[in-house]
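Chain by chain, the residues:
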There are 2 protein chains.
Amino acid sequence: MEDCYMERLEQRIQKDGLVKAGNVLKVDSFLNHQVDVALLEEMGAEFHRLFGHKPITKILTIEASGIAIAVAAARYFQVPVVFAKKSQSINLDGESYSVKIESFTHQRVYDVIVSKKYLSQADHVLIIDDFLARGKALEGLIALIQAAGATVEGIGIAVEKGFQGGGDAIRARGFHLESLAIVERMDEKTGQIYFRR
Amino acid sequence: MEDCYMERLEQRIQKDGLVKAGNVLKVDSFLNHQVDVALLEEMGAEFHRLFGHKPITKILTIEASGIAIAVAAARYFQVPVVFAKKSQSINLDGESYSVKIESFTHQRVYDVIVSKKYLSQADHVLIIDDFLARGKALEGLIALIQAAGATVEGIGIAVEKGFQGGGDAIRARGFHLESLAIVERMDEKTGQIYFRR
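Notes on the structure in this doc start here.

## Some remarks on the nonpolar core
Okay, so step 1: If you look at the biggest cluster of nonpolar residues, it comprises 82 residues, and the most contacted ones within it are Met43 and Ile59 of chain A together with Met43 and Ile59 of chain B.
Okay, so step 2: Those residues within four positions of Ile59 of chain A in sequence are excluded, and the remaining contacts are Ala70, Ala73, Ala74, Phe77, Val79, Pro80, Val81, Val82, Leu126 and Ile128 of chain A.

Written as structure tokens, this is what we have:
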């Protein structure tokens, strides 16, 4: 995993990440409420280093907080970004691929959709997202791509909570998944965060 | 308005925008479902040309589709992006500024919040958003900034539907608002789109 180790991100998580009860890691101050644009740039460049040799035609993410990182990465790949949309009251008009995703954070099930116009059999897709825990959102995005007959070329995640198992389950299915930082353990009392090596 | 005229965006709206019943203009193919990253870069540069002389400390947008443009702009300004979050079931814990915004598109009222940690009296804020129609979202963002005691330095919008009046009402309040394209009239039958000159 040395290849995808990004020291500055780990340091930032260590410094500004907040460990909360219930295995919650908050990175609101630099990643998903306020966004540090310089860090975003570095993450985009790193995703390009990791996946730039693949024939990527599109980057797929899910609203809302994946969009910032996906756009930062897309600048290096020079391909369009598509963001899957969350909805609770969807018009299933046959013009979209849709999947149900259970949100751990919000204790809710979303319909997530992508218009059929923006994913096709010809697409080679890089999935980008900010967070990976149990992997429900990611499994949903993979299902959308497969429904379109497109190819999942790779998956780039900013922060993976390794101890929740979602990432390893997806790796075990044979997908090329790279996380820029993998949290192995967090201590709610001390706030200490331990990374996978 | 010559200063903020961006020919490529108008051409793209003319070519790929879809005029739907009820004054709806869909720009899903390049702005708010699939995103053209090269166009996004140009918009970011243009916002910097328009507002780069101001002492901007932060860019504020609202999830989800404002995030892409805000991040593209922030790269030129080298300031953090903050995105206000929509929620229907919010914990009002006193740690956030919040405002209610009525969505025309979704016929719904959202609570929109920004953590008090990310907006302060010292901030000079540039608001960036993809769309401006009746201006409800924008009025809400202005209210959040004012609740924080921060300064609204400017407002940059990608596509304004001028005939819905929201933009002109905000200009009349004295805010420096620039839209990269202002649609003055749309013809549902022919699909023709007319821009403000």
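Read on, since the account is not over.
## What to know about the pairing of strand E4 (residues 58-62) of chain A
Residue and element names in this part refer to chain A.
Okay, so step 1: Within E4, five of the five residues are buried, which leaves it mostly tucked inside the rest of the structure.
Okay, so step 2: Inspection of the sheet shows E4 paired to strand E8 (residues 124-132) by three bridges, in the parallel sense. Each bridged residue has a counterpart across the sheet, and for Leu60 the counterpart in E8 is Ile127.
Okay, so step 3: The pairing of E4 with strand E5 (residues 81-87) spans four bridges and is parallel. Counted as the bridge partner of Ile59 is Val81 from E5.

## Describing the pattern of salt bridges
Okay, so step 1: For the structure on display, the rule yields 33 salt bridges over all chains.
Okay, so step 2: Between Arg171 of chain B and Glu160 of chain B there is a salt bridge, with its nearest N and O atoms 2.7 Å apart. Highlighted residues: Arg171 of chain B in helix H6 (residues 166-172) and Glu160 of chain B in strand E9 (residues 151-161), separated in sequence by eleven residues.
Okay, so step 3: Shared partners join several salt bridges into a network, and the residues in it are Glu160, Asp168, Arg171, Glu184 and Arg196 of chain A.

## Quick look at the environment of Ile62 of chain A
Residues and elements named next belong to chain A.
Okay, so step 1: Note on placement: Ile62 falls in strand E4.
Okay, so step 2: For the pair Ile62 and Ile128, spaced 66 residues apart in sequence, the C-alpha separation works out to 8.3 Å.
Okay, so step 3: Each residue touching Ile62, except ones within four places of it in the same chain, is listed here: Ile67, Ala84, Lys86, Ile101, Val112, Asp129 and Leu141.

## Regarding the interface of chain A and chain B
Okay, so step 1: On the side of chain B, 35 residues touch chain A, which itself brings 35 residues to the contact.
Okay, so step 2: Across the chain A to chain B interface the summed buried area is about 2,700 Å²; carbon plus sulfur atoms make up 62%.
Okay, so step 3: Three residues stand out in chain A for area buried against chain B, namely His33, Gln34 and Tyr118 of chain A, and they jointly supply 25% of the buried area on that side.
Okay, so step 4: For the pair chain A and chain B, the number of links is two salt bridges.
Okay, so step 5: Across the salt bridge formed by Arg75 of chain A and Glu41 of chain B, the nearest N and O atoms sit 4.0 Å from each other.
Okay, so step 6: Elements with a minimum of two residues in the side of chain A that touches chain B: helix H2 (28-32), strand E3 (34-35), helix H3 (37-51), helix H4 (66-77), E5 and strand E7 (108-115) of chain A.
Okay, so step 7: Top contributing element to the side of chain A that touches chain B by residue count: H4 of chain A, with five residues.
Okay, so step 8: Considered class by class, the residues forming the side of chain A that touches chain B number 18 nonpolar, nine polar and eight charged.
Okay, so step 9: Inspection of the sheet shows E5 of chain A paired to strand E3 (residues 34-35) of chain B by two bridges, in the antiparallel sense.

## Re the relation of the copies chain A and chain B
Okay, so step 1: Laying chain A over chain B is done by rotating through 180° and shifting 0.0 Å along the axis; what remains is an RMSD of 0.0 Å. Within this description, the copies of the chain are treated as partners about a two-fold rotation axis. Rotation axis and chain A: the residue whose C-alpha lies nearest the axis is Ala64 of chain A, separated from it by 2.4 Å.
Okay, so step 2: The residues that chain A uses at the interface reappear at the interface of chain B in 100% of cases, marking a shared surface.

## Some words on the pairing of E7 of chain A
In summary, the side chains of a regular strand alternate between the two faces of the sheet.
All names here are of chain A.
Okay, so step 1: Counting buried residues in E7 gives six out of eight residues, a clear majority hidden from the surface.
Okay, so step 2: Bridging between E5 and E7 involves three bridges; their strand directions are antiparallel. Note on E7: the bridge partner recorded for Ser87 is Asp111.
Okay, so step 3: Relative to E7, strand E6 (residues 96-103) runs antiparallel, the two being bridged by eight bridges.

## Thoughts on the packing of H3 of chain A against H4 of chain A
Residue and element names in this part refer to chain A.
Okay, so step 1: Here H3 crosses H4 at 55°, and the two axes come no closer than 8 Å. Considering the angle they form, H3 stands oblique to H4. Once H3 is placed against H4, the crossing between them reads as right-handed. Contact with H3, carried on its side by Leu40, Glu41, Met43, Gly44, Ala45, Phe47, His48 and Phe51, involves Ala68, Ile69, Ala72, Ala73, Arg75, Tyr76 and Phe77 of H4 and no other residues of that element.
Okay, so step 2: Counted by class, the contact of H3 with H4 contains eleven nonpolar, two polar and two charged residues.

## Examining the side chain of Glu10 of chain B
All names here are of chain B.
Okay, so step 1: Mapped onto the fold, Glu10 is located in helix H1 (residues 7-16).
Okay, so step 2: By relative accessible area, which is 5% here, Glu10 ends up buried.
Okay, so step 3: Polar side-chain contacts of Glu10 include one of 2.8 Å to the side chain of Arg197.

What counts and how
Residues numbered from 1 in each chain as written. Chains lettered and ligands numbered in written order. Predicted model: local features only at pLDDT ≥ 70, side-chain atom pairs only at ≥ 80, totals over all residues. Heavy atoms only, no water. Core = buried A, V, L, I, M, F, W, Y, C linked by side-chain atoms within 4.5 Å. Buried < 20%, exposed > 50% of the residue type's maximum accessible area, 1.4 Å probe, protein only. Contact = heavy atoms within 4.5 Å. Helix = DSSP H or I, 4+ residues; strand = E, 2+ residues; numbered from the N terminus. Pairing = 2+ DSSP bridges. Salt bridge = Lys/Arg side-chain N within 4 Å of Asp/Glu carboxyl O. Buried area = accessible area lost by both parts, 1.4 Å probe. Nonpolar A, V, L, I, M, F, W, Y, C, P; charged D, E, K, R; others polar. Least-squares fit on C-alpha atoms with pLDDT ≥ 70 in both. Axes fitted to C-alpha atoms, helices over the stretch in contact; angles between N-to-C directions. Parallel < 35°, antiparallel > 145°, perpendicular 65-115°, else oblique. Left-handed = near helix turned anticlockwise from the far one by under 90°. Polar contact = N/O pair within 3.5 Å; in protein donor to acceptor, adjacent residues only side chain to side chain.

The values are spatial; any link to function lies outside them.
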